[in-house]
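# Residue-level structure breakdown
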Amino acid sequence: MPRYDAKRIEAHWQQYWETNQTFRTEDTVPTGDAAKKPKLYVLDMFPYPSGSGLHVGHPEGYTATDIVCRYARMKGKNVLHPMGWDAFGLPAEEHAVKTGTHPRETTEQNIATFKRQLKMLGFSYDWTRELATTDPDYYRWTQWIFLQIFDTWYDADFVWTGPDGVERKGKGRPIAELPIPEEILASGRASALRADSGDTTEENTHGGLTPNRSPEVMEAIRRYQDKHRLAYVSDAPVNWCPALGTVLANEEIIDGKSERGGHPVVRMPLKQWMLRITAYADRLASELDELDWSDSIKFMQRNWIGRSTGAEVDFRTESASGRASALRENAPDEKLNAGNAHGGLTPNRSPFPKEPNANTIRVYTTRPDTLFGVTYMVLAPEHPLVATITTDDQRAAVHEYIRKSSLKSDLDRTDLAKEKTGVFTGGYAINPVNDERVPVWIADYVLISYGTGAIMAVPAHDERDYEFAKAFGIAITQVVAKSPKEPTRQGNIFGMPEGLPFTEDGVAVNSGKYDGLTTADFKSQITNDLTAAGLGKVAVNYRLRDWLFSRQRYWGEPFPIWHELDSEGQPTGLMRADSVESLPVLHPHMDDFKPTGTPEPMLAKATPEWLFKTDTDGVKLKRETNSMPQWAGSCWYYLRFCDNKNSDKFIDPAKERYWLPVDLYIGGAEHAVLHLLYARFWHKVLFDRGHVSRPEPFQKLVNQGMILGDTDYSVSPEVFDRHRAVIEGMGIIPLVLKTDDAEIVALRNPSDDPDAYRPLTEDQVTKEKGKAHLKGTDIELTGRTDKMSKSRKNVVNPDHVVKDYGADALRLYEMFMGPLEQVKPWQMNGVEGVYRFLGRVWRLMIDDRAESVILSSAVVDTAPPQDQLRILHKTIKAVTDDIDRLAFNTAISRMMEFTNFMSGQETRSKSVLEQFILLLCPFAPHIAEELWHALGHSNTLTYEPWPSYDPALLVEDTVEVPVQINGKVRAKIIVPANSDAASLEAAARADETVQKNLEGKLVVKVVAVPGRLLNFVVK
RNA sequence: GGCCAGGUGGCGAAAUAGGCAGACGCACGGGACUUAAAAUCCCGGGCCCCUAAAGGGGCGUACGGGUUCGAUUCCCGUCCUGGCUACCA
């Protein structure tokens, strides 16, 4: 009976941990002696509780963090290790549309399944801290944080020192502290509509809504403030997905289709909430430096932010210089090269205008040093100047092009990317550096949303411009050469000049007085000259766009915002926030969950009681009916875990100071950019507003590698048809699967569960010379490993694994497969292997022929022999070091070696075994507890001290040293471990084989590495 | 197209600072135990060649070069696989 019985053991100890609340973390910040314990906050990326339950990818990261936590507790740390649910999201709502089941009900069922499965695996979570983003008590505070963001504007020039003692420039400040420009205070509503981008050059008055202002001014101030909040409403074109009934963020669209479901997406202008994450772009990029994240993730985040430095430059349009020059601030006689053959910009008294003057094209470029190579310009089709610059001759063509490109989905734009398209507007602009006429085109390779929506095109030094110029026969002028000596291509060159486009740095040519300057010098000098002339300035741009923060679905957080209505019931554009006390804003009751079929949000179908109210001042209000995206809840859950029952605050500041930052955060690389960027952004806003004490939430981040399905053997449909009889005769089941590009027939073994994955086993396949055949046939098979997915029918369900082998075996296998961060294929045989290891550990100490769990007679309570002691201490050192560097696979190998050695021992020291069980505990806690108990202990070993090793026991007396002749191993000698180079050489020369090899040769050199190797270099 | 990660036995992998390539496990082969099987235990093993055997030799970490007494590890080039990103001026 007492064979290793995982099922019995695991059920028993899980019950024990639950009853004794073994893993509960004190809810108060420790004081006195307890405060001396180091804290450790270890976090898993919480899962979306899908209807299909856990798959074996989930427990990979969860096991890793569990090992770290159990180890840390034994090392005497105060550990916080919580789990929760990222539970808002589309699938539950889609299910509701089909069945009428309320999403909350579906969500709760799914959570119950996930929780059962996680508990089944014996993870040491403090379940008293469980939370779901869908709990009203949780999203109450999500809404509260939104209101903080809504109440904040970003003061980019504000210099301050945070609670972390670091001086920064730029701070999110209360909206009430936003300086209001004089013109707003003076002229009220009319000018407020014009004011746009925080023009604070004029002297302004601090804030706000002093009571003795006129209603008109008050309204102007409010509108001005609304434009500067970090959460604001925008009317820009967005990605509307009819199939999903919601808009999507750019990040949620892959190749022009929705990331989820692959539905088509169209662009249309809609009023949407945006979060001004771009304000924090610089800090999000630069403050990555301090974090213990992999370089590749930091790199991806920096790429996503995409900061670039360049210059903005104004080009007068020809029409402007022709008929409206008098209106310009930069008078025409100050044009830049003004008859000066060597070029040069004349300083100008007037500064570079904040907004470009009418009939001026402002461009953004990272290569102002190529200004002399501009041969055309491009406006985005949506650019406001297109209408005025287009000549009558070109108007029809331009209109047609704009119409076509507005119809293009993003997908079309991508597909057509190879072929550049565009239309000449008929208009010209004047290059400020040399007064040349430059034709102005429109083309959709220029995006309205980046930079200024207009570019100066330099085909000689930009790939895209080069492609375009080639397609339309536009002049190409080289202005940068590899070296000053290189023969340069003067003048305009048609066709395909050699060596162009040249996009690297070099030396200026054909650039007037700037000739000979290096790219870097030229850039800084021309930028200075442009600035002095009032024609340009240094500018920074980001690829990062503001975060589209609203969705049109039911199952997301409602916004705590009301819109004011006029007497006709029409929105005035003015907003009011819900009071903090009134939160949460709960979901309304719905009769059905069908999308409206239009961009009108689901919540617009709510009852009037939910939708409307009249405020105390008599103003009629309508609720915001958009909902927040799924990202919202995951932006701050790590904070709430520290204090999940607090009803006064989203987190107690003392607890925040104690637990934050998260010391180790493990999750999938698919969240490398978005979730981590969004969460860091929210954290920084909370930091600026004084709600958290540190600028970054996640100190160390590790991404586990994906687990792929087992090798799946398949044939093409044609091959299958030809051999159908043979294959089916072998009892193999053909499964037709669609891959990206073709249809294949996967060959599977039968099983009870039609969805369960039973690939061909190794002995059903013969492999020779890199080719695989179905055993006993000449049918060639293709073997490959794929992502686990429902459509591939290769998902491994942890329930099945636990049923057959137990949780400890599953945990061990997940870690034994290979390095945590690496992509690895699942092999059911491997589970079998670690299961056998657990059986060996069991038999090491338990008499498996006895009736009950009693120690084997080989276990003796006497002083341990030296060799057992020695391997124990080696194992302690190896396992400890391996856990410290998250190398769990090798730690398990070392424990296997220990077990293999001990199995061969007639008598086994009880104290040695006890120490070993402590090492095993973080990996396979159930069997460890059971054996610990069998060894005579009555307590859980959760808080037993982690074993330490005696370095003296690691030192061997003698070592085997390889002897090389010319780098090839010819002999091995046994020498005292502390032998120096000379005695090593002497011992080697005394060796018979070495002598034979040295015979008749001249030793030119001897390389001796004491303790490691000896090498004779001979001729 | 760009960037990042990777390529080691039949398979998953190891080699932590340039020093014995393949630890540990799977699969496989042989043996023990058993009436038999399962389970368990023991032994074997990169590939090729010479030898009756003991033993010996050569090749080998994707491929081609380089640095070095010595390279899986460092450098240059090529190929392949996976991930991310796709006109960001």
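Below, the structure is looked at part by part. What you see is a predicted model; the values in this text were computed from it and never measured. (Residues numbered from 1 in each chain as written. Chains lettered and ligands numbered in written order. Predicted model: local features only at pLDDT ≥ 70, side-chain atom pairs only at ≥ 80, totals over all residues. Heavy atoms only, no water.)

## Examining the protein's contact with RNA strand B
Keep this limit in mind: Neighbouring residues are identified by heavy atoms, a residue being near a molecule or strand if any of them is within 4 Å of it. Whenever a nitrogen or oxygen atom comes within 3.5 Å of another N or O atom, the pair is scored as a polar contact, on the condition that within protein one atom can donate a hydrogen and the other can accept it, and that pairs from neighbouring residues in sequence are kept only if both atoms are in side chains. Secondary structure elements follow DSSP: runs of H or I no shorter than four residues count as helices, runs of E no shorter than two count as strands, and numbering proceeds from the N terminus. Under this grouping Gly is polar, as are all residues other than the nonpolar Ala, Val, Leu, Ile, Met, Phe, Trp, Tyr, Cys and Pro and the charged Asp, Glu, Lys and Arg.
Surrounding RNA strand B, one finds 54 residues, the nearest of these being T366, K420, R464, R545 and N1015. Protein-adjacent atoms of RNA strand B, using a 4 Å cutoff, are sugar or phosphate at a proportion of 66%. Take Y445: an N or O atom from its main chain is 3.0 Å from a sugar or linking oxygen of RNA strand B. Q822 places a side-chain nitrogen or oxygen 2.8 Å from a phosphate oxygen of RNA strand B. Elements with a minimum of two residues in the surface near RNA strand B: α10 (295-305), β17 (360-365), α25 (828-845), α27 (888-903), β42 (958-965), β43 (968-976), β44 (1003-1009) and β45 (1013-1018). Looking at the surface near RNA strand B, its residues break down into 21 nonpolar, 14 polar and 19 charged.

## Remarks on the sheet that holds strand β29 (residues 620-623)
Rules: Only strands joined by at least two bridges in the DSSP assignment are considered to pair. Working convention: axes come from line fits to C-alpha atoms, limited for helices to the stretch in contact. Angles between N-to-C directions cover 0 to 180 degrees.
Ordered by their spatial adjacency, 4 strands build an open sheet running β27-β26-β29-β28, and the pairing between neighbours is antiparallel. Of all the strands in the sheet, just β27 (571-577) and β28 (612-614) have a single pairing partner and so form its edges. When the angles between neighbouring strand axes are averaged without regard to direction, this sheet yields 35 degrees. Two elements, strand β26 (residues 561-565) and β27, share 4 bridges in a ladder whose sense is antiparallel. Its bridge partner being in β27, W562 is matched across the sheet by R576.

## Concerning the sheet that holds strand β2 (residues 78-80)
A sheet is described by the order of its strands in space; here 4 strands give the open sequence β2-β1-β30-β31, paired in parallel fashion. Edge positions in the open sheet fall to β2 and β31 (701-704), since each of these has one partner strand only. Averaged over all pairs of adjacent strands, the angle between strand axes in this sheet comes to 20 degrees, irrespective of strand direction. Across 3 bridges, the pairing between strand β1 (residues 39-44) and β2 is parallel. When the sheet's bridge partners are listed, L40 is paired in β2 with V79.

## Some details on the packing of aromatic side chains
Stated formally: Two rings from Phe, Tyr or Trp (for Trp, the six-membered ring) form a pair when their centres are within 6.5 Å of each other. A pair whose planes differ by under 30 degrees is stacked, one over 60 is edge-to-face, and the rest are tilted. Categorising residues by exposure relies on relative accessible area from a 1.4 Å probe, with only protein chains included: less than 20% of the type maximum marks a residue as buried, more than 50% marks it as exposed, and the intermediate range marks it as partly exposed. By definition, being over a ring means that NZ of Lys or CZ of Arg is both within 6 Å of the ring centre and within 35 degrees of the ring normal.
All told, the structure shown has 54 aromatic pairs when counted by the stated rule. When the ring of Y4 is compared with that of Y835, the centres are 5.8 Å apart and the planes differ by 40 degrees; the resulting orientation is tilted. Taken together, the residues Y4 in the segment before α1 (6-20) and Y835 in helix α25 connect sequence positions 831 residues apart. For Y835, a relative accessible area of 26% translates into the label partly exposed. Residues Y554 and F593 carry aromatic rings whose centres are separated by 5.1 Å and whose planes lie at 75 degrees to one another, so their mutual orientation is edge-to-face. Residue Y554 is located in the loop between β25 (547-548) and β26, and its partner F593 is located in the loop between β27 and α17 (608-611); the two are separated by 39 residues in the primary sequence. Residues Y554 and F593 agree in their burial class; the two are buried. Ring pairs connect the aromatic residues F146, F150, Y154, W273, Y280, W547, F549, F559, W631, Y678, F681 and W682, which therefore count as one cluster. In this structure, K171 packs its charged tip against the face of W160, placed 4.7 Å from the ring centre.

## Considerations on the side chain of T880
Basically, it comes down to this: Should any heavy atoms of two residues lie within 4.5 Å, those residues are counted as being in contact.
Mapped onto the fold, T880 is located in helix α26 (residues 866-884). For T880, a relative accessible area of 7% corresponds to the buried category. Apart from the residues lying within four places of it in its own chain, the contact partners of T880 are Y71, K75 and W946.

Shape descriptors only; they carry no functional weight alone.
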